[in-house]
Each structure stands twice: as structure tokens, then as C-alpha cells.
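Residue-level listing of the chains:
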Amino acid sequence: MRDGHRVPGRAAPVARPGRAAPRAVASRRRPLTCREASPRPPEDTITPDKSVSWAYSEDFLPSDDALLRAADRAAQLGVPAVSPGQGAVLRLVAAALRAGAVVEVGTGTGVSGLWLLRGMAPDGVLTTIDTEAEHQRAAKQTFADAGVRPTRVRTITGRALDVLPRLTDGGYDLVLLDGDPLEAAATVQHALRLLRPGGVVALAHALHEDRVPDPARRDEVTTALREVTRSLRDDDRVVPAMLPSGDGLLLAARV
Ligand SMILES: C[S@@+](CC[C@H](N)C(=O)[O-])C[C@H]1O[C@@H](n2cnc3c(N)ncnc32)[C@H](O)[C@@H]1O
């Protein structure tokens, strides 16, 4: 068990050879998380090989030329794109929702956009917002490489907080937030307004290079992401889950 996962103020339960470790006693400070309350000790499931499983999951789906070229453009422009594992989850969610209308904040070079478009309904439209026209030109090349019809992508150049208020309430199946992390709290509130019931908001890079789980990390971006992810976790309007894919992907379905 890693220290960051212990109930604050308590020593870790001691495992005896051949016996299951004792369950943590309920804390008076806060309810146990599901994992702390689990009858199976984490030692049974979390092994030092977890990073191998993570890498295996990231590489689980084969890539293709369009995605590889988009990732190359991202590297050249210094834009951190979503990882293959995150992309696969985004495509899955778009497919499960049969998404016809998706908003993306942070077009980048079109890596996440292409994953989304591949999961969406065949005539679904991706509305993608970015402050940088150069990034959006690269994304258009990505979509063209992949044979996406131009009518399926509405590209808007501008700041998310200027553009999102102009979009229709309840008009979208899925909103991906991958722009300025310092604006994540405000953009989440817009996303919840834009989603139809059952729609999903996804926050990319939600673990910020493993900094968010580490309480010693208190820089501005980490603190902002820790706060916004906790506030979504505790928001009665959504059903949330934090996935370790890529750099962390928080998903929350609007109820
Ligand atoms: C992490 S990258 C997005 C990567 C992209 N989602 C992908 O996976 O290919 C962040 C992008 O957000 C854009 N951005 C930064 N601040 C923004 C803002 N306030 N509004 C809209 N876009 C912003 C940047 O120009 C950059 O292209």
C-alpha cells in the first residue's frame, strides 16, 4: 500500500504471512473509500508490476498512420496530446453514447478529436475550440489524413471561456476538456450546462503527471486540478470515475 492511499492518521494494517491483512477500521474523520473498505487487501491486487499493466493497456489498441502523424505534429508543436489509452476510452464513450454532438476544448493537432470522431455517429459533428489557429491547421490536416468529411468538424478559434457561453444548453452528448487547466473549474460548469441528461464530461490530464495524488505537490496547476476533480467527485449532478489512463482521465456522467 502506498502512503498516499492510507487513511490519514492511521498506521497501515499489518499483513501476517499466509493471512489476509486486517481491514482498516472505519475512520471518524471521513467515510472510507471503496478501496479502503474492500475486503481484499490492496496488496493482493496492486503489485509492483502495475506500471507494466498500465503500459500494456496504453498499447492495447493498434495505432495507424493518421494518429501517428497527428502525434508527430503534436510533438513538433510542443502540444501534449491525449495518450492512446485515453483516446481509446474517449472513442468508447462516444460510441456508447452514439454521440451526434461533441464539444472539445483544446483542439491541439487533432489526436483526441480523431479518436472522438471515430467513436461518434457517422454524421456526428465535433465542435472543437482552441486559441491557436496554427494548432487547428495541424488538426485539419489530421482529419483530412484520416478521411474525415470536413462537414463533421466545426472549428472555432478562441478562448474556451468566450466560446462556451455561446453554445446551446443541453445540446451535447459529450464534452472533452483539454485546454487551460487553470480554467478547468469554470469550463466544467459550462460543460455541465451543455450536456444532455446522460451526457458525459471528460477531463484529460486529470492526474497531471502523477502530481495530483501527491499531497506534497501544491503548484498552481496541480492544486487547480485536485480541486476540480474533487468537486466533480462530490457533485450530486454527476456520476464520476477517475481512470489512470494516460495522464489521468476523469469521466462524469450527467444524471
Ligand atoms: C493539451 S493540448 C490539447 C491536445 C488535444 N486535445 C489532443 O489530444 O490532440 C491543449 C490545447 O489547448 C489550447 N488552449 C490553451 N488555453 C486555451 C483556452 N483558454 N481556450 C481554448 N484553448 C486553449 C492550446 O493552444 C492547446 O492546443
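Residues numbered from 1 in each chain as written. Predicted model: local features only at pLDDT ≥ 70, side-chain atom pairs only at ≥ 80, totals over all residues. Heavy atoms only, no water.

### Digging into the site of the ligand
In step 1: Taken together, the neighbourhood of the ligand is formed by 23 residues, with G106, S112, D130, H135 and D178 sitting nearest.
In step 2: One nitrogen or oxygen atom from the side chain of H135 is found 2.7 Å from an oxygen atom belonging to the ligand.
In step 3: Considering the ligand on its own, with 610 Å² of exposed area, one finds that the protein chains cover 90% of that surface. (Near = heavy atom within 4 Å. Polar contact = N/O pair within 3.5 Å; in protein donor to acceptor, adjacent residues only side chain to side chain. Areas by Shrake-Rupley, 256 points an atom, 1.4 Å probe, with all protein chains shown as cover.)

### A closer look at the pairing of strand 6 (residues 238-243)
In step 1: Bridge count for strand 6 against strand 7 (residues 249-254) is 6 bridges, and the pairing is antiparallel. Bridge pairing links V238 to R254 in strand 7. (Pairing = 2+ DSSP bridges. Helix = DSSP H or I, 4+ residues; strand = E, 2+ residues; numbered from the N terminus.)

### Observations concerning the packing of helix 4 (residues 65-77) against helix 6 (residues 111-119)
Any two packed helices are characterised by how steeply their axes cross, that is the angle between the axes, and by the distance between the axes.
In step 1: Across the interface, helix 4 lies against helix 6 with an axial gap of 9 Å and an inter-helix angle of 155 degrees. Of the possible angle classes, the one that applies to helix 4 and helix 6 is roughly antiparallel. Each of A66, L67, A70 and A71 in helix 4 lies in contact with helix 6, whose residues at this interface are V111, L114, W115 and R118.
In step 2: In terms of residue class, the contact of helix 4 with helix 6 is made up of 7 nonpolar, no polar and 1 charged. (Axes fitted to C-alpha atoms, helices over the stretch in contact; angles between N-to-C directions. Parallel < 35°, antiparallel > 145°, perpendicular 65-115°, else oblique. Contact = heavy atoms within 4.5 Å. Nonpolar A, V, L, I, M, F, W, Y, C, P; charged D, E, K, R; others polar.)

### A short note on the nonpolar core
In step 1: In terms of nonpolar packing, the biggest core is built from 30 residues, with L116, M120, F143 and L174 touching the most fellow members.
In step 2: Listed by contribution, the elements that provide at least two residues to this core are helix 4, helix 5 (84-96), helix 6, helix 7 (133-145), strand 4 (172-177), strand 5 (195-204) and strand 7.
In step 3: Apart from the residues within four sequence positions on either side, L174 is in contact with L90, V93, A94, L97, A101, V102, V103, L116, L195 and V200.
In step 4: V105, I129, A184 and L232 belong to the second-largest nonpolar core, a separate cluster that totals 29 residues. (Core = buried A, V, L, I, M, F, W, Y, C linked by side-chain atoms within 4.5 Å. Buried < 20%, exposed > 50% of the residue type's maximum accessible area, 1.4 Å probe, protein only.)

### Structural notes on the environment of A133
In step 1: Looking at the element boundaries, A133 is found in helix 7.
In step 2: Residues A133 and T107, 26 residues apart in the sequence, show an inter-C-alpha distance of 9.7 Å.

### Comments concerning the sheet that holds strand 3 (residues 153-157)
In step 1: On the basis of which strands lie adjacent, the open sheet formed by 7 strands has the order 3-2-1-4-5-7-6 and mixed pairing. The open sheet terminates on both sides in strands that have one partner only, identified here as strand 3 and strand 6. With direction set aside, neighbouring strand axes in the sheet form an average angle of 15 degrees.
In step 2: Direction of pairing for strand 4 relative to strand 5: parallel, over a ladder of 5 bridges. Bridged to V175 within strand 5 is V201.

### Structural notes on the side chain of T229
In step 1: Among the structural elements, T229 can be located in helix 10 (residues 220-233).
In step 2: The class for T229 is buried, based on a relative accessible area of 7%.
In step 3: In terms of polar contacts, T229 uses its side chain to reach the backbone carbonyl oxygen of L225, at 2.8 Å.
In step 4: Here T229 is in contact with L203, A206, V212, M242 and L250, once residues within four sequence places are set aside.

### Details of the pairing of strand 5
In step 1: Counting buried positions along strand 5 gives 7 out of 10 residues, so the element sits mostly inside the fold.
In step 2: Each parallel crossover has a hand, and the one from strand 4 via helix 9 (residues 184-194) to strand 5 is right-handed.
In step 3: Relative to strand 7, strand 5 is paired through 5 bridges, and the arrangement is antiparallel. Across the sheet, V201 pairs through a bridge with A252, a residue of strand 7. (Right-handed = clockwise from strand over helix to strand, strands pointing away.)

### Examining the pattern of salt bridges
In step 1: Summed over the entire model, instances satisfying the criterion amount to 11 salt bridges.
In step 2: Its salt-bridge partner being R73, residue D145 comes within 2.8 Å of it at the nearest N-O pair. Taken as a pair, D145 in helix 7 and R73 in helix 4 lie far apart in primary sequence, 72 residues in all.
In step 3: Linking E209 and R211 is a salt bridge whose minimum nitrogen-to-oxygen distance equals 3.4 Å.
In step 4: Residues participating in the shared-partner salt-bridge network are R69, R73 and D145. (Salt bridge = Lys/Arg side-chain N within 4 Å of Asp/Glu carboxyl O.)

### Re the packing of helix 5 against helix 6
In step 1: Running from N to C, helix 5 and helix 6 point in directions that differ by 30 degrees, and their axes come no closer than 7 Å. It follows that helix 5 is roughly parallel to helix 6 by the angle criterion. Along this stretch, helix 5 crosses helix 6, giving a crossing that reads as right-handed. Where helix 5 abuts helix 6, its residues P84, G87, A88, L90, R91, A94 and A95 lie against S112, W115, L116, R118 and G119.
In step 2: Partitioned by chemical class, the residues of the contact of helix 5 with helix 6 number 7 nonpolar, 3 polar and 2 charged. (Left-handed = near helix turned anticlockwise from the far one by under 90°.)

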